[in-house]
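# Fold and geometry: a report
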Amino acid sequence: MKHLFVWLRREDGAFIRVGELATTDPLPGGRFESEFEYSREWQPERVGFSLDPASLPLRSSGVRFRAEQFQPPLSVFDDALPDDWGRRLLARALKLDGRGVSPAEMLLRMEGGGTGALMFTETAELPKSTSTTLATTHLSTLLAAAAKFEAGTLEPGDAFRELLEGTSRAGGARPKALVHDDTGEWLAKFPSSARDGPHDVVGLEATCLALARRSGLVVPESRLQSVGRRRVLLVRRFDVTPLRGRIHMVSLKTLCKERPGVFVQDYSALARILEKYSATPAADLLALFRHMVFNAAIGNVDDHLKNFWMLGGMSGYRLAPAFDLVPDVSGRGEHTLSFQHGFTCPTGAQLCELAKQWSVRDAAAILDEVVRAVGTFSAAARKHAVRNTRALDTVRKDIRRRLMLIGKK
């Protein structure tokens, strides 16, 4: 049995113990059981709030929540782990250290340096420090090491250790790193020879973030930075406070209790979660509707539940800024989430119908604002120096088609 102490790094940077997490030793297939209990000091009459309001309600201490692996009701701990890219790096690091490869060991190995506010230790002693990110001056080394790791040619050594410290805590499937400069903390997103194909995905994402901002979405600050002949997209972290503290995060996948065999199929399921758990449901439903319209217009078909998060604290939960906004570079045409009438781009009339169901006002005005902003895609792509290739022309045509559909009210 692996026993971990769970801590939360507050917005002022101080740590407080949240509870205790235990896991059984993984079976050969990787399956294990887990349980969690809130600590006495983490109570609502003191400083506590529910780490996951859907599955981990904060009650008096002594209540144990049990799960298979980190599935509901303990999915918030899976949220604390990176996805494919970071997990592969962590797994390799643990093997090199001679330790077992398990989610619990990965949580410990991250040393509180990932996104969100949770940290895990093997002792009850107050953590004295957390792992720090690398400076942006290391981007060239990180970019080169990431390319080698993707290609399977990166050997153990200084480059691997630097890549591990810089990128293993970052979420998502694509290569990236958590870095800092004099202005704060950033998520650095790298080009991927294995995933990008003919597309300039880094440039396209920078373009989409700019268009989203024009469309009225709340998105993080971002900028493109040249590293030799390549470019990296830097996205401001919204889980880090000005005091270098943290804001707790929980994904919509966790709040919707999605698990193997139980999948969320449509945007309306997300709307119901916001109605139930948001501290400001009207504002968050409006933000989700605008985000949904933008995804339809730009062709962001990778709209799965781990790309929607809520930020939480003593004052409740709010929808996080929009991120991971990229056109349909896969060419698959279908979204991950349905617009109720199907998984392909909806018409404006269908989106307005959803707005009525969600009690969102001025839907037609929102559609017009998004269509006008996304209609400047070509100019925005030129401004961000996106490579003008046949692949970009395919993206332009798809966006034009989508805008025509959304214009049908």
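What counts as what
- Along each chain, the written sequence defines residue order, and numbers are assigned to residues from 1.
- pLDDT decides what is reported in this predicted model: residues at 70 or higher carry local features, side-chain atom pairs at 80 or more are listed and counted, and totals for whole chains, interfaces and linings draw on all residues regardless.
- Only hydrogens and water are set aside when side-chain values are computed; all heavy atoms of the structure are taken into account.
- Think of each axis as a best-fit line through the C-alpha atoms, taken over the contacting stretch in the case of a helix, with angles from 0 to 180 degrees between the N-to-C directions.
- Every helix listed is a DSSP run of H or I at least four residues long, and every strand listed is a run of E at least two residues long, numbered separately from the N terminus.
- By definition in this entry, angles of less than 35 degrees are roughly parallel, angles greater than 145 are roughly antiparallel, angles of 65 to 115 are roughly perpendicular, and the rest are oblique.
- Here a residue-residue contact requires only that any non-hydrogen atoms of the pair lie within 4.5 Å.
- When residues are sorted by character, Ala, Val, Leu, Ile, Met, Phe, Trp, Tyr, Cys and Pro go into the nonpolar class, Asp, Glu, Lys and Arg into the charged class, and all the rest, Gly among them, into the polar class.
- Salt bridges are defined by distance alone: a side-chain nitrogen of Lys or Arg within 4 Å of a carboxyl oxygen of Asp or Glu.
- Categorising residues by exposure relies on relative accessible area from a 1.4 Å probe, with only protein chains included: less than 20% of the type maximum marks a residue as buried, more than 50% marks it as exposed, and the intermediate range marks it as partly exposed.
- One less than the number of residues in a helix, times 1.5 Å, gives the span that helix is expected to have.
- Less than a right angle of anticlockwise turn of the near helix away from the far helix marks a crossing as left-handed, whereas a clockwise turn marks it as right-handed.
- Strand pairing follows a simple DSSP-based rule, namely that at least 2 bridges must link the two strands.

## Quick word on the packing of helix α2 (residues 84–96) against helix α3 (residues 103–110)
In a pair of packed helices, the angle between the axes and the distance between the axes together describe the arrangement. α3 packs onto α2 with a crossing angle of 90° between their chain directions and a minimal axis gap of 10 Å. By the angle between their directions, the pair α2 and α3 is classed as roughly perpendicular. On α3, the residues that touch R87, L90, A91, A93 and L94 of α2 are E105, M106, R109 and M110. Taken together, the residues of the contact of α2 with α3 sort by class into 6 nonpolar, no polar and 3 charged.

## Things to note about the pattern of salt bridges
Following the criterion strictly, the structure yields 25 salt bridges and no others. Between R223 and D181 there is a salt bridge, with its nearest N and O atoms 3.2 Å apart. Linking R223 in strand β9 (residues 222–227) with D181 in strand β7 (residues 176–181), this pair joins segments that are 42 residues apart in sequence. D181 sits in the buried class, given a relative accessible area of 15%. A salt bridge links D200 to R231, with the shortest nitrogen-to-oxygen separation between them at 3.0 Å. With a gap of 31 residues between them, D200 in the loop between β8 (184–189) and α6 (201–214) and R231 in strand β10 (residues 230–236) connect regions that are remote in the sequence. Its relative accessible area of 10% is what places D200 among the buried residues. One continuous salt-bridge network, built from bridges that share partners, spans K2, R99, E105 and E122.

## Re α6
Between its terminal C-alpha atoms α6 stretches 20 Å, which fits the 20 Å expected from 14 residues at 1.5 Å a residue. α6 sits mainly inside the fold: 12 of its 14 residues count as buried. Looking only at α6, the buried set comprises V201, V202, G203, L204, E205, A206, T207, C208, L209, A210, L211 and A212. G216 sits one or two residues past α6 and shows a positive phi near 95°.

## Some details on the environment of L337
With respect to the helices and strands, the residue L337 is situated in the loop between β13 (316–319) and α10 (348–357). Residues contacting L337, with those up to four places away along its chain left out, are V264, Q265, D266, Y267, L270, D303, L305, F308 and F343.

## Digging into the packing of helix α8 (residues 267–277) against helix α9 (residues 281–298)
Two elements in contact, α8 and α9, have axes separated by 9 Å at closest approach and are oriented at 160°. One way to sum up the angle between α8 and α9 is to call them roughly antiparallel. Seen from above, α8 lies across α9 with right-handed handedness. Counted together, Y267, L270, A271, L274 and E275 of α8 and P281, D284, L285, L288, M292 and N295 of α9 form the full contact between these two elements. Here the residues of the contact of α8 with α9 are counted per class, giving 8 nonpolar, 1 polar and 2 charged.

## Topic: the sheet that holds β8
Here 5 strands make up an open sheet; going across it, the order is β6-β7-β8-β10-β9 and the pairing mixed. For this open sheet the edge positions go to β6 (134–135) and β9, each flanked by a neighbour on one side alone. Relative to β10, β8 runs antiparallel, the two being bridged by 4 bridges. Across the sheet, the residue bridging to W186 is R236, located in β10. α6 contacts β8, β9 and β10 of the sheet and is inclined by roughly 35° relative to β10.

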